[in-house]
Amino acid sequence: MLQKPVYMDNHATTRVDPRVVEAMLPFFTETYGNAGSISHCFGWEAQDAVDAARTSIAGAIGATAKEIVFTSGATESNNLALRGLADRPRRGKHLVTVCTEHKAILDPAKRLARRGFEVTYLHVAPQTAANAGVIDLQELADSLRPDTLLVSVMLANNEIGVLQPLAEIGALCRSHGVLLHTDATQAVGKIPVDAAALQVDLMSFSAHKMYGPKGVGALYVRRGSPRVRLEPLQDGGGQEGGRRSGTLNTPGIVGFAKALELCREEGADEQRRLQTMRDRLATALSDQIPNVCVNGPPLASPELRLAGNLSCCFENVDGEALMMSMRNLAVSSGSACTSTNPEPSHVLRALGLSDEQTRASLRFGLGRFNTEEEVDFAIETVKDAVTRLRAMGGVDG
Ligand SMILES: Cc1ncc(COP(=O)(O)O)c(C=O)c1O
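Residues numbered from 1 in each chain as written. Predicted model: local features only at pLDDT ≥ 70, side-chain atom pairs only at ≥ 80, totals over all residues. Heavy atoms only, no water.

Peer 1: Just to check I follow, could you spell out a nonpolar patch on the surface for this structure?
Peer 2: A surface patch of nonpolar side chains, amounting to about 270 Å² of accessible area, comprises Val21, Leu25 and Phe28. Within the element layout of this structure, Phe28 appears in helix α2 (residues 26–29). (Patch = residues over 30% accessible without salt bridge, like charges linked within 9 Å, V, L, I, M, F, W, Y side chains within 5 Å. Areas by Shrake-Rupley, 256 points an atom, 1.4 Å probe, with all protein chains shown as cover. Salt bridge = Lys/Arg side-chain N within 4 Å of Asp/Glu carboxyl O. Helix = DSSP H or I, 4+ residues; strand = E, 2+ residues; numbered from the N terminus.)

Spelled out as C-alpha cells, the structure:
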C-alpha cells in the first residue's frame, strides 16, 4: 500500500535508518557520559564508543582514526577546511574552486576574498557536452600558481549528481605541491571513496546524507608530510586535538558510524537498484511528457553520475509552481540547502541553461526507502501536474 506523501529528496537529507536509531538509543539514556570525562566510567564508556566509531568511519574512507575530526556537519567541515587553513600564516593567498560547488564552499570562499584572498572559479563542461558538469583538468592545471594555498573540488554534485575526476585532480595537485580539499558529502556512503588513494588532504562529509542523524559530520585531515595545519573555528575544551572544541555528540557519532557501515554493506547492489529506478523514472518522464530534458551528464554514463540523482527540465513550466502543485511528492527545485534563496540554481546556470530552463527544473533524489510503486506514483503525479500547468499557461503538451 503506497504511503503518501512520497519522499524523493534524498540529496537534501535522508530518513534515519531504524537500525541506526537502535544503535544510537543507549547513548542517550544509559551510556550518556561526556566522552571528555576522563575520571569515571561514564566518560570512559562514551570515549570507547567514540573511538570505535572513529576507527570504523576512518576505515570506511581509507583513513586512520587520527585523521578524523568530528563536526556538526559538512557545512562546518567545509568552513573548517577553508577558513582553518587560510587562518594559518602560510605561503599563499590564492584558492581554486569550482563555480558549481555547494554554498558551504562558495560562501566561505567569498568571505576569504573579502579578506584579501584571490579565488579562481573553474568552469564546467556545458549541458551540450557528453561530460556536462565536469571540470577541465587543463584549466585546473593552468590555474595553479606558486601562491595557491588550496584547491577545493567537490566529489559529487548535490544538484546534478556529476562526479568529478578526483583521482586525477589529486595526482595533479600533489605533483604541484598544492593542498586539495574535497566536499564529498553526496558521495561518501554512495560510491567507494578512499581518501588516501584519491590523494586528498582534506575531505568533508555528513551523516544525514547516508541515513544517519542530522547535526554530525566529519572532516578528514591527512596526517604525514607535508603537515596540514588548521586554525580552529572555535576555542574551548580542546576536543578533537584542539581543532574542534565542544562536547562530542556521542549518540550522533555512533549513529554516523552505523549509517556508514550499513551503506558499505549494501554497496553496489543498492546503487544498481537506485539506478534502475532512476532510469525508469527518467525514461517514463521523457517518453510520456513532451519537451523534457535531463540536466547534467548522460544517465547512461554511470561513471559520471550518482545512481539516485535525476535533474530534469520541463520546458515552459515554473518548477516552483510544479512542486507546489504536487503536495504528495517531495522533490526539490535547485538545491534544498539553499531553498530560501530564490535565485535560479547556480549549478544549472553554469551548465548554460537559461533562467527559464533553470526555473523549469526539478531534482529527484532516490534513496534506500524508495520503492518501485513510489516511482510509478511520481511519474503519474509529475505528468498530471505538468500537463495541467502547461494547459493553464496556454502551452500544448
Ligand atoms: C555537497 C554538499 N555540501 C555540503 C552540504 C551541507 O551539509 P550539512 O547539511 O551536513 O551541513 C550539503 C547539503 O546539502 C551538500 O549537498
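Peer 1: Any chance you could explain helix α7 (residues 166–176) here in plain terms?
Peer 2: Turn by turn, an α-helix covers 3.6 residues, leaving residues three or four places apart pointing in a common direction. Taken together, the buried positions of α7 are occupied by Leu166, Ile169, Gly170, Leu172 and Cys173. The arc enclosing the buried residues of α7, seen along the axis, measures out at 165°, which places them on a common side. Where α7 is buried, its residues meet α6 (137–143), β5 (148–152), β6 (179–183) and α8 (195–198). A positive backbone phi angle near 70° is found at Gly177, which sits one or two residues after α7. (Buried < 20%, exposed > 50% of the residue type's maximum accessible area, 1.4 Å probe, protein only. Arc of directions from axis to C-beta. Contact = heavy atoms within 4.5 Å.)

Peer 1: Before we go on, may I ask you to explain the domain arrangement of the protein in this structure?
Peer 2: Reports often express the size of an interface as the amount of accessible area lost when the parts come together. Partitioning the protein into domains gives domain 1 (6–14 + 267–392) and domain 2 (18–260). Each of domain 1 and domain 2 has a C-alpha centre, and these two points are 27 Å apart. The interface of domain 1 with domain 2 comprises 34 residues on the first partner and 35 residues on the second. Across the interface of domain 1 and domain 2, roughly 2,800 Å² is buried in total on both sides, 55% from carbon and sulfur atoms. When the area that domain 1 buries against domain 2 is broken down by residue, the three leading residues are Thr14, Leu306 and Leu351, summing to 22%. Between the two partners, domain 1 and domain 2, sit 19 residue pairs in polar contact (both at pLDDT 80 or more). Of all the secondary-structure elements, those providing two or more residues to the side of domain 1 that touches domain 2 are β10 (309–314) and α11 (346–350). Residue composition of the side of domain 1 that touches domain 2, by class: 14 nonpolar, 16 polar and four charged. (Domains from an automatic or database assignment. Buried area = accessible area lost by both parts, 1.4 Å probe. Polar contact = N/O pair within 3.5 Å; in protein donor to acceptor, adjacent residues only side chain to side chain. Nonpolar A, V, L, I, M, F, W, Y, C, P; charged D, E, K, R; others polar.)

Peer 1: Could you clarify how one ought to interpret the side chain of Glu159 in this entry?
Peer 2: One can find Glu159 in the loop between β5 and α7. The buried charged residue Glu159 lacks any salt bridge partner; its closest oppositely charged side chain belongs to Arg363, at an N-O distance of 6.3 Å. Within the structure, Glu159 has its side chain in polar contact with the side chain of Ser345 (distance 2.7 Å). (Lys, Arg positive; Asp, Glu negative; His and termini not counted.)

Peer 1: What exactly am I supposed to notice about the pattern of salt bridges here?
Peer 2: Side chains that differ in charge, positive against negative, can pair when their charged atoms come close. Tallied over the entire structure, the rule returns 22 salt bridges. Across the pair Asp355 and Arg349 runs a salt bridge whose closest N-O atoms are separated by 2.7 Å. Using a relative accessible area of 39% as the deciding quantity, one classes Arg349 as partly exposed. Via salt bridges that share partners, Asp17, Arg19, Glu266 and Arg368 belong to a single interconnected network.

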